[in-house]
Amino acid sequence: MAIEVRIPTILRTYTGGAKTVEGAGDTIADLLSDLDSRHSGIKARLLTPEGGLHRFVNVYVNDEDVRFLGALDAKLNDGDSVTILPAVAGGAFAFAAAHALRG
Amino acid sequence: MLTIDAAILDAIVAHARRDHPDEACGIVAGPAGSDSPTRHVPMANAARSMTFYEFDSVEQLRLWREMDDADEEPVIVYHSHTATEAYPSRTDVSFAGEPNAHYLLVSTRDPERTEIRSFRIVDGAVTEEPVQVVNAVVDSHAVQSYLFGQSPTTVDYECRAGS
């Protein structure tokens, strides 16, 4: 089952510079594990140590944010397009959770 | 160095002033690889906060797709600090996800003088850079002034020693 995955600039060090890679999986969680098997380390940049999706990473299936589709349990179908974007966020108020994003 | 058109900079400052005391945010897109910011896109601060900003995730996807289709990239990612200096906070550094972008910070803490500073943020390292404003028109009715922070090696003094 082929899923096209669009990789943001900041994570292209894991994909040899590729903007788009192919992956497989029935859910986002499966897809990330599949990607990590070929692009080692990428999964750790997207998940918290507890195994949830980082609040400040956006993952979309086609046009929808996976947070509205069951997060890591979001179902995938052949031909879906998954986009990963670092959320654009910040601000004057510093808090510890912010540092989790950086690998 | 960030080179920016005066009209775009004015629009960014106007956006920051309009949203004060909440933080304002947005981007200036430009042709990929050009390092030239040409298209100002103010974004809504989905956090609607005085100390935090965040793009709405679906709006962001739409904009990033649009840039991709037009062979553009976010040349500038900007936001305002409304009570503190125009310097990246630890939060800003942690979240900086566009290594090729100029991170422009605007401080609106002083109602009359706007601080504007630009940074590169790569792998957690912050490097300040000078800001060059082009196409500025002298406005005798200007009611506010801009204060540019620059790194010490690039300060361009108008009055040189001995002159």
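It should be emphasised that the depicted structure is a prediction, and the values quoted were computed from it without experimental measurement.

Peer 1: Account for the overall build of chain A, with residues named and values stated.
Peer 2: On a plain count of helices and strands, chain A comes out with two helices and six strands. The secondary structure elements of chain A, listed N-terminal to C-terminal, are β-β-α-α-β-β-β-β. Here chain A holds 103 residues, and the buried ones make up 45% of them. In chain A, the share of contacts with a sequence separation of at least 24, taken over all contacts with a separation of at least 6, comes to 52%. With an accessible surface of roughly 4800 Å², chain A has 52% of that area assigned to carbon and sulfur atoms.

Peer 1: Outline the overall build of chain B, listing residues and values.
Peer 2: Of regular secondary structure, chain B possesses three helices and ten strands. Its helices and strands in sequence order give chain B the pattern β-α-β-β-β-α-β-α-β-β-β-β-β, from N to C terminus. For chain B, the proportion of its 163 residues judged to be buried stands at 45%. Sequence separation of at least 24 residues holds for 64% of the intrachain contacts in chain B that already meet a minimum separation of 6.

Peer 1: Outline the pairing of strand 8 (residues 125–129) of chain B, supporting the account with residue identities and numerical values.
Peer 2: Across five bridges, the pairing between strand 7 (residues 113–122) of chain B and strand 8 of chain B is antiparallel. Bridge assignment links B:Arg120 to a residue of strand 8 of chain B, and that residue is B:Thr127.

Peer 1: So what about the layout of surface pockets? Which residues, and what values?
Peer 2: Left-over empty space is what a probe sized like a water molecule reveals as it rolls over the atoms. When its volume is computed, the second largest pocket comes out at roughly 470 Å³. As for the second largest pocket, its lining consists of 22 residues, and the residues nearest its centre are A:Thr9, A:Arg12, A:Lys19, B:Trp64 and B:Asp68. Across the lining of the second largest pocket, the residue classes break down as nine nonpolar, four polar and nine charged.

Peer 1: Got a sec to walk through unusual backbone geometry? Specific residues and values, please.
Peer 2: All names here are of chain B. For the bond running from His20 to Pro21, omega is 10°, close enough to zero to count as cis. With a phi close to 60°, Asp35 is a non-glycine residue in the positive phi region. Inspection of the secondary structure puts Asp35 in the loop between strand 2 (25–31) and strand 3 (39–43). The class for Asp35 is partly exposed, based on a relative accessible area of 35%. Phi at Asp71 takes a positive value of approximately 55°, unusual for a residue other than glycine. Topologically, Asp71 is positioned in the loop between helix 2 (57–69) and strand 5 (72–81). A residue is classified by how much of its surface remains accessible, and Asp71, at 54% relative accessible area, is exposed.

Peer 1: Describe the interface of chain B and chain A, listing the residues and the values that go with them.
Peer 2: Chain B puts 31 residues into the contact, and the matching count from chain A is 27 residues. Interface area, chain B with chain A, both sides summed: about 2700 Å², of which 55% is carbon and sulfur. By the criterion of area lost to chain A, the three top residues of chain B are B:Leu61, B:Ser94 and B:Phe95, representing 23% of everything that side buries. Remark: the boundary between chain B and chain A carries four salt bridges. Measuring nitrogen to oxygen at the nearest pair gives 3.0 Å for the salt bridge that ties B:Glu54 to A:Arg55. Linking chain B with chain A are 15 residue pairs in polar contact (both at pLDDT 80 or more). Every element with two or more residues in the side of chain B that touches chain A is listed here: strand 4 (53–54), helix 2, strand 5 and helix 3 (90–95) of chain B. Broken down by element, the residue count for the side of chain B that touches chain A peaks at seven residues, all from helix 2 of chain B. Two elements, strand 6 (residues 89–90) of chain A and strand 4 of chain B, share two bridges in a ladder whose sense is antiparallel. Paired with A:Ala89 across the strands is B:Glu54, a residue of strand 4 of chain B.

Calculation rules
Residues numbered from 1 in each chain as written. Chains lettered and ligands numbered in written order. Predicted model: local features only at pLDDT ≥ 70, side-chain atom pairs only at ≥ 80, totals over all residues. Heavy atoms only, no water. Helix = DSSP H or I, 4+ residues; strand = E, 2+ residues; numbered from the N terminus. Buried < 20%, exposed > 50% of the residue type's maximum accessible area, 1.4 Å probe, protein only. Contact = heavy atoms within 4.5 Å. Areas by Shrake-Rupley, 256 points an atom, 1.4 Å probe, with all protein chains shown as cover. Pairing = 2+ DSSP bridges. 1 Å grid on protein atoms, 1.4 Å probe; cavity = no way out; pocket = protein on both sides within 12 Å on 5 of 7 lines; lining within 4 Å. Points joined across faces, edges and corners; volume = space filled by probe spheres on them. Nonpolar A, V, L, I, M, F, W, Y, C, P; charged D, E, K, R; others polar. Buried area = accessible area lost by both parts, 1.4 Å probe. Salt bridge = Lys/Arg side-chain N within 4 Å of Asp/Glu carboxyl O. Polar contact = N/O pair within 3.5 Å; in protein donor to acceptor, adjacent residues only side chain to side chain.

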